[in-house]
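# Residue-level structure breakdown
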Amino acid sequence: MNPDEARKAASEILSQRKYRATTTPRPFRGILDKLGEWLHPITEAAQRAFAWLAARLPGGRASVWSILGGLVIVAAAGFALWLARRRARVTVTSATRLRGEAGLDPAALERAAETAEAAGDLEDALRLRFRAGLLRLDRAKVIAFRESVTSHEVAVRLRSPAFEHLARDFDEVVYGRREPRPEDIAAARSEWVQVLEEAGAS
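Quick caveat, the model's predicted, so the values are computed rather than measured. Within any chain, residue numbers begin from 1 and follow the written order of that chain's sequence. With pLDDT at 70 or above as the cut-off, local features in this predicted model cover only qualifying residues; side-chain atom pairs require 80 or more to be listed or tallied, and sums for whole chains, interfaces and linings still use all residues. To obtain the side-chain values, all non-hydrogen atoms of the structure were used and water was disregarded.

Right, let's talk about the overall build of the chain for a bit. Numbering of helices and strands starts at the N terminus; helices are DSSP runs of H or I of at least 4 residues and strands are runs of E of at least 2. When helices and strands are counted, the chain shows nine helices and zero strands. When the elements of the chain are put in sequence order from the N terminus, they spell out α-α-α-α-α-α-α-α-α. Here's how the labels work: a residue is buried when its accessible area is under 20% of the maximum for its type, exposed when over 50%, partly exposed in between, all with a 1.4 Å probe on protein chains only. Counting only residues that meet the buried cut, the chain has 30% of its 202 residues in that class. The contact criterion used is simple: two residues touch if any of their non-hydrogen atoms lie within 4.5 Å. Considering only contacts in the chain between residues 6 or more positions apart, those separated by 24 or more positions represent 66%. The accessible surface values rely on the Shrake-Rupley method and a 1.4 Å probe; as for residues, cover is taken only from the protein chains in view. Taken as a whole, the chain presents about 13900 Å² of accessible surface, with 58% of it coming from carbon and sulfur.

So, in structure tokens, the structure goes:
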């Protein structure tokens, strides 16, 4: 093959699609460019502040990064604490509405839980059984309800690992939107019996 034929063959090969660059659509390019323009003064100010602080601290840039890292850790810890308190703040009466509801008694609630379970509505079954258990505790004067009472407060009052497990499942399903499982219902049925017996409310 002479040089001309070789160049022609190479040209034909390189003209194939797999050797050509493709243009990727960039539908958000304009928005991102505009966002970059808006943020440019902020990033410049942050860089100037960083340089100013680094020039005045022993250790320079390393010290500034250490301070920023510490702030991030503190912020993350604060957020984690807030989230833990929020999840623990399961307002029992908001889920149960025991006060002010006429005709609610533990036996009726447990029958309703059985009906819900038979119909496949496991979340309602869990809610109703939790409600029945709390009502029995209230009637036995083991706990007292108020609008702000939480499952954490009930757990502290009872000091029962069985109730802590029940409350955790209830929180995850009702507030965390976890899909309830048949084993959650089975655990609620057996562990409420244990909780009530331990509290002398059965």
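Another aspect to go through is the packing of helix α6 (residues 122-139) against helix α8 (residues 161-175). In this analysis an axis means a line fitted to C-alpha atoms, helices contributing only their contacting stretch, and an angle means the value between N-to-C directions, from 0 to 180 degrees. Between α6 and α8, the shortest axis-to-axis distance is 11 Å and the interhelical angle comes to 140°. When the axes of α6 and α8 are compared, the pair comes out oblique. The way α6 lies across α8 gives a crossing that is left-handed. In contact with Glu123, Leu126, Arg127, Phe130 and Leu134 of α6, α8 contributes Phe163, Leu166, Ala167, Asp169, Phe170, Val173 and Val174. Taken together, the residues of the contact of α6 with α8 sort by class into nine nonpolar, no polar and three charged. Angles are sorted into four bins: roughly parallel if under 35 degrees, roughly antiparallel if over 145, roughly perpendicular if 65 to 115, and oblique for all others. Here a crossing is called left-handed whenever its near helix is offset anticlockwise from the far helix by less than a right angle, and right-handed whenever the offset is clockwise. Polar here means any residue other than Ala, Val, Leu, Ile, Met, Phe, Trp, Tyr, Cys and Pro, which are nonpolar, and Asp, Glu, Lys and Arg, which are charged; Gly is therefore polar.

In this scheme Phe, Tyr and Trp rings, the latter by its six-membered ring, pair at centre separations within 6.5 Å, and the angle between planes marks the pair as stacked below 30 degrees, edge-to-face above 60, and tilted otherwise. This model, assessed by the stated rule, comprises six aromatic pairs. Residues phenylalanine 130 and tryptophan 192 carry aromatic rings whose centres are separated by 5.6 Å and whose planes lie at 75° to one another, so their mutual orientation is edge-to-face. Within this pair, whereas phenylalanine 130 is found in helix α6, its partner tryptophan 192 is found in helix α9 (residues 182-199), the two being separated by 62 residues in sequence. You can call phenylalanine 130 buried: its relative accessible area is 4%. Owing to a relative accessible area of 5%, tryptophan 192 belongs among the buried residues under this scheme. Measuring from centroid to centroid gives 6.3 Å for phenylalanine 170 and tyrosine 175, while their planes differ by 65°, and the two rings are edge-to-face. On the basis of relative accessibility, which here comes to 2%, the residue phenylalanine 170 falls in the buried class.

In this section: the confidence of the model for the chain. The predictor attaches a confidence to each residue, and that confidence, scored 0 to 100, is pLDDT. Across the chain, pLDDT averages 78, with 72% of residues at or above 70. Low pLDDT, under 50, characterises residues 90-103; the predicted model gives this stretch 35 contacts beyond four residues in sequence or across chains.

Another point: the nonpolar core. Counting 30 residues, the largest nonpolar core has Leu134, Leu137, Leu158, Phe163, Trp192 and Val195 as the members making the most contacts within it. For this core, the secondary-structure elements that each account for two or more residues are α5 (106-118), α6, α7 (151-158), α8 and α9. If you tally residues by element for this core, the top one is α6, at nine residues. Remark: nonpolar core denotes a set of buried residues (Ala, Val, Leu, Ile, Met, Phe, Trp, Tyr, Cys) joined through side-chain atoms within 4.5 Å.

Below, the discussion takes up a nonpolar patch on the surface. Patch rule: a residue counts if its relative accessible area is over 30% and it has no salt bridge; like charges are joined within 9 Å, and nonpolar side chains (Val, Leu, Ile, Met, Phe, Trp, Tyr) within 5 Å. Each reported salt bridge corresponds to a side-chain nitrogen of Lys or Arg within 4 Å of a carboxyl oxygen of Asp or Glu. A cluster of nonpolar side chains, contributed by Leu32, Leu35, Trp38, Leu39 and Ile42, occupies part of the molecular surface with about 550 Å² of accessible area. Within the fold, leucine 39 resides in helix α2 (residues 29-56). Leucine 39 gets classed as partly exposed once you look at its relative accessible area, which sits at 39%.

Examined against the element boundaries, arginine 181 turns out to sit in the loop between α8 and α9. A sequence separation of 12 residues divides arginine 181 from aspartate 169, and the C-alpha atoms of the two residues are 9.9 Å apart.

Now for the packing of α8 against α9. Each pair of packed helices can be described by the angle between their axes along with the distance between the axes. Contact pair α8 / α9: the axes reach a minimum separation of 9 Å and the direction vectors enclose 145°. Helix-helix and strand crossings are classified by hand; for α8 and α9 the assignment is left-handed. Counting all contacts with α8, which are made through Ala162, Phe163, His165, Leu166, Asp169 and Val173, the residues of α9 involved are Asp184, Ala187, Ala188, Glu191, Trp192, Gln194 and Val195. In terms of residue class, the contact of α8 with α9 is made up of eight nonpolar, two polar and three charged.

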